[in-house]
Amino acid sequence: VESCLYAARRAVQRAFATGHTGTASAMTNYCVDCLRGVLVEFLARRAEDWGVTALKPGEGLLEGSAGLFNYATTQIIRQGQQTVAAATAAKKKLDTAQRQLEIQQGIALACATLNDLHVAAQHTAELETILKNQVAKGFPPNTHETEQLQMCVTSLSPVAQVFEVS
């Protein structure tokens, strides 16, 4: 996730370095489309696959919850146990330690996915702030092209919000 965001950030910053509003606008739009169309979809799908919903703040293991061993945590563990049990139905001889390890790995992967979504939201918001500052400092004010570029940069906000919501 960090590598993808780094590449997007560097590409847009290089386009801004040209000083040409058309190039900067085009690259910003392309970056927004890539983040929204590829990275958001990938992370959202991965979050659904790992059952991340129960790990969101106020619903389980994270801040805002009623505690570590509340209902959501129990549901996550049960869901993990059911998934592992279904996957290992053919392997009845799988020992308890192995099952526990698989459950813990499933929970860890769900937590890692939540972290990826959070990091993506932060990096996208940070990129928007950096680009807004570059527009203010490096492009002529009150021109149609600069206003268009500003709108392209502002389109990063909904992408960051989608990362947070996902």
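Let me begin by describing the structure that accompanies this report. Note that the structure is a prediction, hence the values are computed from the model and not measured.

**Observations concerning the overall build of the protein chain**
Within the protein chain one finds 6 helices and 0 strands. Reading the secondary structure of the protein chain in the N-to-C direction produces α-α-α-α-α-α. By sequence separation, contacts in the protein chain at least 24 residues apart represent 66% of the contacts at least 6 residues apart. Entry remark: accessible area of the protein chain is about 10,000 Å², with carbon and sulfur atoms responsible for 56%.

**A few points about the nonpolar core**
Phe16, Leu35, Leu131, Leu149 and Phe163 are the most contacted members of the largest nonpolar core, which has 24 residues in total. Listed by contribution, the elements that provide at least two residues to this core are α1 (2-17), α2 (21-49), α4 (96-138), α5 (144-154) and α6 (156-165). Counting residues per element, this core draws most heavily on α2, at 8 residues. Not counting residues up to four positions away in its chain, the partners in contact with Phe16 are Ala24, Thr28, Leu131, Gln134, Val135, Phe139, Leu149 and Val153.

**Thoughts on the pattern of salt bridges**
A side chain of one charge can pair with a side chain of the opposite charge if their charged atoms are brought near each other. Here the structure, examined in full by the defined rule, presents 3 salt bridges. We note a salt bridge from Lys132 to Glu128, for which the minimum N-O separation is 3.2 Å. Taken together, the positions of Lys132 and Glu128, both in helix α4 and 4 residues apart, correspond to about one turn of that helix.

**Brief notes about the packing of aromatic side chains**
All chains considered together, the criterion is met by 1 aromatic pair. Aromatic side chains Phe16 and Phe139 sit 5.6 Å apart centroid to centroid with 85° between the ring planes, which places their arrangement in the edge-to-face category. Of this pair, Phe16 sits in helix α1 while Phe139 sits in the loop between α4 and α5; the two residues are 123 residues apart in sequence, bridging distant segments of the chain. Each member of the pair, Phe16 as well as Phe139, carries the same accessibility label: buried.

**With respect to α1**
With 16 residues, α1 extends 22 Å between its outermost C-alpha atoms, agreeing within 8% with the 22 Å of an ideal straight helix rising 1.5 Å per residue. If you check which residues of α1 are buried, you get Leu5, Ala8, Val12, Gln13, Ala15 and Phe16. Looking straight down α1, one finds that the buried residues subtend no more than 160° of arc, so they occupy a single side. α1 presents Ser3, Tyr6, Arg14 and Ala17 as exposed residues on the side facing more than 90 degrees away from its buried surface.

**Re the packing of α4 against α6**
α6 packs onto α4 with a crossing angle of 165° between their chain directions and a minimal axis gap of 8 Å. Taken together, the axis directions place α4 and α6 in an arrangement best described as roughly antiparallel. In the packing of α4 onto α6, the handedness of the crossing is left-handed. Between α4 and α6, the residues in contact are Leu117, His118, Ala120, Ala121, Thr124, Ala125, Leu127, Glu128 and Leu131 and Leu156, Ser157, Val159, Ala160, Phe163 and Glu164, respectively. Looking at the contact of α4 with α6 residue by residue, the classes come out as 10 nonpolar, 3 polar and 2 charged.

**Considerations on the packing of α2 against α4**
Contact geometry of α2 with α4 gives a least axis separation of 9 Å together with a crossing angle of 165°. Overall, the two elements α2 and α4 adopt an arrangement that is roughly antiparallel. The element α2 and its partner α4 pack so that their crossing is left-handed. Contacts between α2 and α4 involve Cys31, Leu35, Leu43, Arg46 and Ala47 from the first element and Ala112, Thr113, Asp116, Leu117, Ala120, Thr124 and Leu127 from the second. Looking at the contact of α2 with α4 residue by residue, the classes come out as 8 nonpolar, 2 polar and 2 charged.

Calculation criteria
Residues numbered from 1 in each chain as written. Predicted model: local features only at pLDDT ≥ 70, side-chain atom pairs only at ≥ 80, totals over all residues. Heavy atoms only, no water. Helix = DSSP H or I, 4+ residues; strand = E, 2+ residues; numbered from the N terminus. Contact = heavy atoms within 4.5 Å. Areas by Shrake-Rupley, 256 points an atom, 1.4 Å probe, with all protein chains shown as cover. Core = buried A, V, L, I, M, F, W, Y, C linked by side-chain atoms within 4.5 Å. Buried < 20%, exposed > 50% of the residue type's maximum accessible area, 1.4 Å probe, protein only. Salt bridge = Lys/Arg side-chain N within 4 Å of Asp/Glu carboxyl O. Phe/Tyr/Trp six-rings, centres within 6.5 Å; stacked < 30°, edge-to-face > 60°. Expected span 1.5 Å × (residues − 1). Arc of directions from axis to C-beta. Axes fitted to C-alpha atoms, helices over the stretch in contact; angles between N-to-C directions. Parallel < 35°, antiparallel > 145°, perpendicular 65-115°, else oblique. Left-handed = near helix turned anticlockwise from the far one by under 90°. Nonpolar A, V, L, I, M, F, W, Y, C, P; charged D, E, K, R; others polar.

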